[in-house]
Amino acid sequence: MTRDLRARSVLAGEASAAAAELEAALATPSVSHAAAFFDVDNTLLQGASVYHLARGLYRRRFFTFAEIAAKAGQQLAFRLRGETPDSVAKARSAALSFIAGHRVTEVEILVEEIFDELMADKIWPGTKALAQQHLDAGERVWLVTAAPVEVARVLARRLGLTGALGTVAAQSDGVYTGVLVGDILHGPAKAEAVRALAKHEELDLTACSAYSDSVNDLPMLEMVGNPWAINPDSRLRRHARTAGWQVRDYRTGRKATRLALLTAGASGVTLGAVSAAVAIQRCLSRGCASRRRVS
């Protein structure tokens, strides 16, 4: 089981780095062997990107509530029974199944629209400023996220960053098959992606920086010379203080609690998109939609 997880993490990391190579080749060469790697959810973006994506797709009737409910049942079973080879396989194949059968170009256009509609005003100004400092110093800045790479690329492009590493969904003839290449880019897989990209870009990881809010990203944070904890969860905050890392928190107390709950339910779980969609349905049942129209 451990060996299989390691293999999937390596495959996910290599696939994500390979997907970023074209963007890197077209970018202006950096004058530095250093780069900065930014997590997205609750580090750069308020809340979970997959939650905003699911909201946008749900509004566009991209999937039905029956589909959401079925996957929510799988998610509940996964949490109650724990990780077994069968449950992990089902969770992994279900993670991006909501785009199965859709053309890549269609999804890319929708992601652009959803960014403008739901994500653009959710960027943390403080984190964006940190990214800009690296760009101004001649360093490349990469997003590294468990979110679909299509979402990550839009975020990177709109913010003027170098590129993005994200979860890669398999496709055939320009159509999504509904399965992942390797696994979700999460935890150890992020470190594998950064390692593969650093080798391709000839980066010195000891001169690089990494930013995240989650203790799950320790493998990525510990492999660079300058790790930062941004809007950290309690475990990462403790670790950062002990290790002497830089810590920045751009949240208010109330917002921190709300975003922590949202991110915990949507970004660190293999069926994050399902959790996000269920949260949307709960919001609709409580009249959130009507409040949004009058706000």
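The structure displayed is predicted, hence computed values, not measured ones. (Residues numbered from 1 in each chain as written. Predicted model: local features only at pLDDT ≥ 70, side-chain atom pairs only at ≥ 80, totals over all residues. Heavy atoms only, no water.)

(A) Region of the structure containing the nonpolar core. Of all hydrophobic cores here, the largest spans 35 residues; its most connected members are Phe38, Leu53, Met119, Leu143, Leu155, Leu161 and Tyr211. Those elements giving two or more residues to this core turn out to be strand E1 (35–38), helix H2 (49–59), helix H5 (104–119), helix H6 (125–136), strand E2 (140–148), helix H7 (149–158) and strand E7 (226–230). For this core, the element with the most residues is H5, which contributes eight residues. Residues in contact with Met119, not counting those within four places in the same chain, are Leu45, Ser49, His52, Leu53, Ile114, Val151 and Leu155. Counting residues in each nonpolar core, the second largest holds 26 residues, with Leu185, Ala193, Val215 and Leu221 among its members. (Core = buried A, V, L, I, M, F, W, Y, C linked by side-chain atoms within 4.5 Å. Buried < 20%, exposed > 50% of the residue type's maximum accessible area, 1.4 Å probe, protein only. Helix = DSSP H or I, 4+ residues; strand = E, 2+ residues; numbered from the N terminus. Contact = heavy atoms within 4.5 Å.)

(B) Just the packing of H5 against H7, in detail. Closest axis-to-axis distance for the H5/H7 pair is 10 Å, and the angle between their directions is 60 degrees. For the element pair H5 / H7, the angle class is oblique. For the crossing formed where H5 meets H7, the hand is right-handed. In contact with Glu108, Val111, Glu112, Phe115, Asp116 and Met119 of H5, H7 contributes Glu150, Val151, Val154, Leu155, Arg157 and Arg158. The residue makeup of the contact of H5 with H7, split by class, is six nonpolar, no polar and six charged. (Axes fitted to C-alpha atoms, helices over the stretch in contact; angles between N-to-C directions. Parallel < 35°, antiparallel > 145°, perpendicular 65-115°, else oblique. Left-handed = near helix turned anticlockwise from the far one by under 90°. Nonpolar A, V, L, I, M, F, W, Y, C, P; charged D, E, K, R; others polar.)

(C) Examining helix H8 (residues 188–201) more closely. With 14 residues, H8 extends 20 Å from end C-alpha to end C-alpha; this agrees with the ideal 20 Å at 1.5 Å per step. Of the residues making up H8, those classed as buried are Ala189, Lys190, Ala191, Glu192, Ala193, Val194, Leu197, Ala198 and Glu201. Immediately downstream of H8, the backbone of Glu202 shows phi near 55 degrees, a positive value. (Expected span 1.5 Å × (residues − 1).)

(D) Expanded view of the pattern of salt bridges. Here the structure, examined in full by the defined rule, presents 13 salt bridges. Residue Arg59 is joined to Glu117 by a salt bridge in which the shortest nitrogen-to-oxygen separation is 2.5 Å. Of this pair, Arg59 sits in helix H2 while Glu117 sits in helix H5, and the two are 58 residues apart along the sequence. One salt bridge connects Arg237 with Asp249, and the closest N-O pair in it is separated by 2.7 Å. (Salt bridge = Lys/Arg side-chain N within 4 Å of Asp/Glu carboxyl O.)

(E) Quick peek at the pairing of E1. Residues Ala35 and Phe37 line one face of E1 and the alternating positions Ala36 and Phe38 line the opposite face, and both faces are buried. The sheet contact formed by E1 and E2 spans four bridges and is parallel. Each residue of the ladder has a partner; that of Phe37, found in E2, is Trp142. Sheet topology note: the E1/strand E6 (residues 209–212) ladder contains three bridges and is parallel. Note on E6: the bridge partner recorded for Phe37 is Ala210. (Pairing = 2+ DSSP bridges.)

(F) How the structure looks around the environment of Leu57. Structurally, Leu57 is set in helix H2. Expressed as a C-alpha distance, the spacing of Leu57 and Val107, which sit 50 residues apart in the sequence, is 9.5 Å.

(G) Local environment of the packing of aromatic side chains. Per the counting criterion, the structure on display carries two aromatic pairs. Arranged with centres 4.0 Å apart and planes meeting at 5 degrees, the rings of Phe38 and Tyr211 form a pair that is stacked. With Phe38 in strand E1 and Tyr211 in strand E6, the pair connects residues that are 173 residues apart, well separated along the chain. Using a relative accessible area of 2% as the deciding quantity, one classes Tyr211 as buried. Through a chain of ring-to-ring contacts, three or more aromatic side chains come together here, namely Phe38, Tyr211 and Trp228. (Phe/Tyr/Trp six-rings, centres within 6.5 Å; stacked < 30°, edge-to-face > 60°.)

None of this, on its own, says anything about what the molecule does.
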